[in-house]
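Chain by chain, the residues:
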Amino acid sequence: MRFLDRTDETKRLEKALASEKPSFIVMYGRRRLGKSTLMAHVLSDTDIYFMADNSDQLQQMELLAKVVNRKFADFDKLVYPDWETLLRELNHRSSVKFTLCLDEFPYLVKSCPSLPSTLQRLIDAKFLKYNIVICGSSQHLMHGLVLDATAPLYGRADQIIKLYPIGIKYLQQALEIDAASTVEEYAVWGGVPRYWEIRKAEESFMEAIFSQVANVNGLLYDEPDRLFADDISSTGMASSILSLIGNGACRLSEIASRLGKKATDLSGPLARLADLGYIEREIPFGDNPKNSKKGVYKIIDPFMSFFYRFVIPQRSLISLGRRTIVEKYISDNFADFIAKRWETLCQRAVSGNQLYGITWNVASRWWGSVDRNTQVEFDLVAESMDKQCLLIGECKWTRQENAASLLADLRHRAEKFPHAKNHKVYYALFLKNPPIDGENKNVFLPQDVINEFS
């Protein structure tokens, strides 16, 4: 698969690596996001790239020395007692600036806890002739090594780059498919390039799911466990929480009750999952996050959402190879699952972008009472940046819809909406297919959302 996106990250890396003085660069992000691929894209043949593993310190240094030997002859002939000796020798051999990239840096620190302090001394001495890039998949450990004020490397980095998932429009380019199919595929694979590669190797969307995700021999069958291993000590608790949220237990009180825990006992695990980008606490539009009592949790990572919604509940049948039953279970519930992801995509597309010539602030859902007897929910609500206008949207992922009827219902439900007061209200329909009544005004389709209305 060709290299996609990462334009800003590439520019930052190239600028730092090309500076007159040697740079110290930190890059981190969860597994599969393409850190190694990005470094391969940026590094030249004269640079040194080393992927660490779980072996001990002497083995790691020996392995690195063999890699360095390709650039500096006989570098592996010496025995290096510690990291400082090795890095100083590398500096001694250098005459022209190059880059040393240490990937999965936390493994090196695990085998040698003093390594960050060693790097600190070398960086502070300002005599190094080469760039150093450290990368890591453990977000927690990388944060502790570089962003914690008590860490030896704190404040030393010339660039700190955190990789995030890639946008949906690049998935469409990678798979070369229509917009509606892109939304459905993104709901499973999200913005993780490695998942896209695995998907692309299969003949179809469903075949990729049943050969690589819902299959005991699949490459992604144990993916959550691998991701948790980097950052979470209590993987069982994390998995249980995601399983409950993924299957409808979204309120803190309900999650705690189902787990037999006090709500206060879950603040730490929930905060960790949120920090890692797996879940978020959703509150109605306009509520204060600090004191809202209406907050619900949802899984925001698409792959995790799919996995805990469909794979975990059917693991026993999957292990028995009962594909027909599992396939029916997924197909019967898939449309509802996609509809939720469609809402999120529409909200993201509106946020910070222009619609009707107006720039909108962050979009979100709203639910609540508009009078004693009426409960209302809106899929999408956003206020204009100048606070003069309000956008209210309906998101539908169904085959056929009558736009005029949907708009009439939306306007009717919005009549008593408290946040609509003192605003000029705009309405929008986000639909899977063109409406059957031919009404195109106020209607936005998957390609519009993927392009973010540009």
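This text goes with the structure placed above it.
Described in the following lines is the structure provided in the data block. (Residues numbered from 1 in each chain as written. Predicted model: local features only at pLDDT ≥ 70, side-chain atom pairs only at ≥ 80, totals over all residues. Heavy atoms only, no water.)

Brief notes about helix H6 (residues 115-125)
Considered for burial, the residues of H6 that qualify are Leu115, Pro116, Thr118, Leu119, Leu122 and Ile123. Buried residues of H6, seen end-on, are gathered within an arc of 155° and therefore sit on one face of the element. Contacts made by the buried residues of H6 are with strand S1 (24-28), helix H4 (83-93), helix H5 (105-111), strand S4 (131-136) and helix H7 (139-146). Just downstream of H6 lies lysine 126, where phi reads positive at about 55°. (Buried < 20%, exposed > 50% of the residue type's maximum accessible area, 1.4 Å probe, protein only. Helix = DSSP H or I, 4+ residues; strand = E, 2+ residues; numbered from the N terminus. Arc of directions from axis to C-beta. Contact = heavy atoms within 4.5 Å.)

Quick look at helix H13 (residues 235-246)
Across its twelve residues, H13 extends 16 Å between first and last C-alpha, which sits within 8% of the 16 Å expected from 1.5 Å per residue. Along H13, the positions that sit buried rather than exposed are Met237, Ala238, Ser239, Ile241, Leu242, Leu244, Ile245 and Gly246. Residues of H13 that are buried make contact with helix H12 (223-231), helix H14 (252-259), helix H15 (267-275), strand S6 (279-282), strand S7 (296-299) and helix H16 (302-311). Taken from the residues just after H13, glycine 248 is the one with a positive phi, measuring 105°. (Expected span 1.5 Å × (residues − 1).)

A short note on empty space enclosed by the protein
Enumeration over the complete set of coordinates arrives at one cavity of 30 Å³ or more. Approximately 50 Å³ is the volume found for the largest cavity. Forming the walls of the largest cavity are Val183, Tyr186, Ala187, Pro302, Arg341, Thr344, Leu345 and Arg348. Top element by residues in the lining of the largest cavity is helix H18 (residues 323-350). It accounts for four residues. The class makeup of the residues in the lining of the largest cavity is five nonpolar, one polar and two charged. (1 Å grid on protein atoms, 1.4 Å probe; cavity = no way out; pocket = protein on both sides within 12 Å on 5 of 7 lines; lining within 4 Å. Points joined across faces, edges and corners; volume = space filled by probe spheres on them. Nonpolar A, V, L, I, M, F, W, Y, C, P; charged D, E, K, R; others polar.)

Things to note about the pattern of salt bridges
With the rule as written, the count across this model stands at 29 salt bridges. Between lysine 387 and glutamate 383 there is a salt bridge; the shortest N-O distance is 3.7 Å. We classify lysine 387 as exposed; its relative accessible area is 52%. Residues arginine 413 and glutamate 394 are paired through a salt bridge, measuring 2.8 Å at the closest nitrogen-oxygen approach. With arginine 413 in helix H19 (residues 403-414) and glutamate 394 in strand S12 (residues 389-396), this pair connects stretches of sequence that are 19 residues apart. As far as the burial class goes, arginine 413 and glutamate 394 line up, both buried. Each member of the salt-bridge network shares a partner with another, and the members are Glu280, Glu282, Lys298, Arg365 and Glu377. (Salt bridge = Lys/Arg side-chain N within 4 Å of Asp/Glu carboxyl O.)

Regarding unusual backbone geometry
Its identity is not glycine, yet aspartate 5 carries a phi of approximately 60°, on the positive side. Counting through the fold element by element, aspartate 5 comes out in the segment before helix H1 (7-17). Assessed through its relative accessible area of 26%, aspartate 5 is described here as partly exposed. The phi torsion at lysine 126 lies on the positive side, around 55°, for a residue other than glycine. Its location among the elements puts lysine 126 in the loop between H6 and S4. Judged by its relative accessible area of 74%, lysine 126 falls in the exposed class.

A closer look at the sheet that holds S12
Spatially, the five strands line up as an open sheet ordered S10-S11-S12-S13-S14, and their pairing is mixed. The two strands at the open ends of the sheet, each matched to only one other strand, are strand S10 (364-371) and strand S14 (443-444). Across eight bridges, the pairing between S12 and strand S13 (residues 424-431) is parallel. Bridge pairing in S13 links leucine 391 to tyrosine 426. Across the sheet, H18 lies against S10, strand S11 (374-383), S12 and S13, angled at about 40° from S11, the strand it touches most. Here H19 sits on the sheet in contact with S11, S12, S13 and S14, set at roughly 140° to S13. (Pairing = 2+ DSSP bridges. Axes fitted to C-alpha atoms, helices over the stretch in contact; angles between N-to-C directions.)

Notes on the sheet that holds S1
Each strand in a sheet pairs with another by means of backbone hydrogen bonds, the pair being arranged parallel or else antiparallel. Read from one edge of the open sheet, five strands run S2-S3-S4-S1-S5, paired in parallel fashion. Where the open sheet ends on each side, the last strands, each with one partner, are strand S2 (48-51) and strand S5 (159-162). If you compare each strand with its neighbour and ignore which way they point, the axes differ by 15° on average. Looking at chain direction, S1 and S5 are connected through four bridges and run parallel. Opposite methionine 27, over in S5, you have isoleucine 161 as the bridge partner.

Quick look at the packing of aromatic side chains
Enumeration according to the criterion identifies 26 aromatic pairs in this entry. On the numbers, 6.1 Å between centres and 25° between planes, the contact of phenylalanine 334 with phenylalanine 337 is stacked. Here the residue phenylalanine 334 and the residue phenylalanine 337 both occupy positions in helix H18, the gap between them amounting to three residues, near one helical turn. Under the relative-accessibility criterion, phenylalanine 334 is labelled buried at 9%. Phenylalanine 337 sits in the buried class, given a relative accessible area of 8%. Look at tryptophan 366 and phenylalanine 378: their rings are 6.2 Å apart centre to centre, the planes differ by 35°, and that puts the pair in the tilted class. One end of the pair, tryptophan 366, is in strand S10; the other, phenylalanine 378, is in strand S11, and twelve residues separate them in sequence. Considered together, tryptophan 366 and phenylalanine 378 belong to a single accessibility category, that of buried residues. Feature note: the residues Trp189, Phe205, Phe306, Phe310, Tyr329, Phe334 and Phe337 constitute an aromatic cluster, connected by ring pairs. In this structure, arginine 315 is placed above the aromatic ring of tyrosine 221, and the distance from its NZ or CZ to the ring centre is 4.6 Å. (Phe/Tyr/Trp six-rings, centres within 6.5 Å; stacked < 30°, edge-to-face > 60°. Lys NZ or Arg CZ within 6 Å of the ring centre and 35° of its normal.)

Let's talk about the pairing of S11
Taking burial as the measure, the ten residues of S11 include seven buried ones, the bulk of the element. With six bridges joining them, S10 and S11 adopt antiparallel strand pairing. Along S11, the bridge assignment pairs glycine 368 with valine 376. Where S10 hands over to S11, the hairpin turn is made up of two residues, counted between the paired strands.

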